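Okay, here's what each chain looks like letter by letter:
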Amino acid sequence: MLIYLITFFGSYCLLVYAEKVKTKRMHVFISLIAILIPSILAGLRDYSIGTDIEVYGNIWFRNAVDAASSNNIRGYIQRAVNSDIGALYALLNYIVAKCTSNAHWFYFVLSFLTTGLVYKAASDNDDIVNAPFAMLVYYFLFYNQSLNILRQGLALVFVLCSFKSIRDGKIIKFIVWTLLGYMVHLTAIVGVVLLIVYKVVNSKLKVYAKGAILVATIVVVAEFSYVLNFLIGLGILSSKYEMYGTTFQRGGGYIRLFFLCLPNLILLFLLIKKNIAKKETEALKFYVVIATAISFLAFRMTYITRMALYFDMLLVISIPLTCDNMKYKIVNNKSNMNRWGVIAYLLFYWIFVYVHRNSGETVPYMFFW
């Protein structure tokens, strides 16, 4: 447990210091070290850390090693696509396998790419959020999860990176980011909803648009199995994802609802100042509303939270935005106590979800040796 906290705060402090240095070269160098810290931790972990490592992580890396030794990249990628292992994820395996047969290096590279993209997304949006604080939010909410859901962890951050393109109205860039995510994990197609919501809630027909989104959300939640089958029928998702709507057992919905969604609904709807990043705030509100609606499904559907993660990921933007722009700001010796209050809550959430409930099986941490 302690090694995670040292990693989170150590990386955060380095990123804060990087923001203060005067030269760009030093900023990049210190930021690189900050990103390396959690990446090294991911690479040095035992194979028992993270459920999906033994489910498909090690298997597909060994397949990549075999393919690399025979220079059969085409056959390997085709086999991965046929098995619903994203082509881009498979390619990353193959590239690393050409250099080493040690899977720990792959997990290091995967984490470095994932964490680096989160920092890129935070930095791209630094006009509305504090990038180091956004990274700390990511560490507490999603880092341990990324050690488990290897493919989707990378797909999530590709979708997160698309948010800047959505804000700027750069549709081509948005499509590129979304396709990259889709080539890692098919569920990244959900990223299209982020664009639709942003455009609709900020259209001229705001009241009607918001009502339409709420109604659409209720319909999708109520008839999720039919929507899922429709997407599978179109070939957007494979039949593998039928289990998202057919695995009926408790999926931890109350944790998402009461410990993640509701606190952020309060922040966004009641505590943030008016006219602060208005377009972004309006969209972020509805992202949380959609995530909350999906949480009700999670009471009985185990895997449905995998779809909600794409909306959850935007908390990396919304939490720093709301925290630093609350109506009621508590300052002590020039220190923003609101931020420390949010950090304390994130710590509580991390301990409850990842330590107490051992979600993703990442605690306690163990080195591979």
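Thresholds, definitions, all that
Residues numbered from 1 in each chain as written. Predicted model: local features only at pLDDT ≥ 70, side-chain atom pairs only at ≥ 80, totals over all residues. Heavy atoms only, no water. Salt bridge = Lys/Arg side-chain N within 4 Å of Asp/Glu carboxyl O. Helix = DSSP H or I, 4+ residues; strand = E, 2+ residues; numbered from the N terminus. Buried < 20%, exposed > 50% of the residue type's maximum accessible area, 1.4 Å probe, protein only. Phe/Tyr/Trp six-rings, centres within 6.5 Å; stacked < 30°, edge-to-face > 60°. Lys NZ or Arg CZ within 6 Å of the ring centre and 35° of its normal. Contact = heavy atoms within 4.5 Å. pLDDT = per-residue confidence, 0-100. Core = buried A, V, L, I, M, F, W, Y, C linked by side-chain atoms within 4.5 Å.

Brief notes about the pattern of salt bridges
- One pass over the structure, following the stated rule, counts eight salt bridges.
- A salt bridge links Lys-285 to Glu-282; the shortest N-O distance between them is 3.5 Å. Here Glu-282 and Lys-285 lie together in helix α15 (residues 278-297), a separation of three residues that amounts to about one turn. The pair formed by Lys-285 and Glu-282 is uniform in burial state, with each residue classed as buried.
- Salt bridges sharing partners connect three or more residues here, namely Asp-127, Arg-167 and Glu-280.

What about the packing of aromatic side chains?
- If you walk through the whole model with that rule in mind, you get 32 aromatic pairs.
- Here Tyr-139 and Tyr-143 contribute two aromatic rings whose centre-to-centre distance is 6.3 Å and whose plane-to-plane angle is 85 degrees, an arrangement assigned as edge-to-face. On the criterion of helical spacing, the pair formed by Tyr-139 and Tyr-143 is a turn pair, its members being four residues apart in helix α7 (residues 131-146). Across the pair, Tyr-143 and Tyr-139 agree in class, each one buried.
- We note Arg-45 situated over the ring of Tyr-107; from NZ or CZ to the ring centre the distance is 5.0 Å.
- Against the face of Phe-133 rests Arg-339, its NZ or CZ located 4.9 Å from the ring centre.

Here's the deal with helix α5 (residues 87-97)
- Where burial is concerned, most of α5 is hidden: eight out of the 11 residues are buried.
- Within the sequence span of α5, burial applies to Leu-88, Tyr-89, Ala-90, Leu-92, Asn-93, Tyr-94, Val-96 and Ala-97.
- Considering only its buried residues, α5 is in contact with α3 (51-69), α4 (73-82), α6 (103-124), α8 (150-168) and α9 (171-182).

A word on the confidence of the model for the chain
- In the predicted model, the chain carries a mean pLDDT of 89, and the fraction of residues at 70 or more is 92%.
- When mean pLDDT is taken per element in the chain, α6 scores highest with 98 and helix α13 (residues 243-246) scores lowest with 59.

What to know about the nonpolar core
- In this structure, Tyr-4, Phe-8, Leu-141, Tyr-143 and Tyr-287 are the most contacted members of the largest nonpolar core, which totals 117 residues.
- If one sorts the elements of this core by residue count, α7 sits on top with 12 residues.
- Setting aside residues up to four positions removed in sequence, Leu-141 forms contacts with Leu-260, Leu-315, Ile-319, Leu-346, Tyr-349 and Tyr-354.

Here we look at the side chain of Thr-178
- Tracing the sequence through the fold places Thr-178 in helix α9.
- Among all residues touching Thr-178, those that are not within four sequence positions of it are Ser-162, Ala-188 and Val-192.

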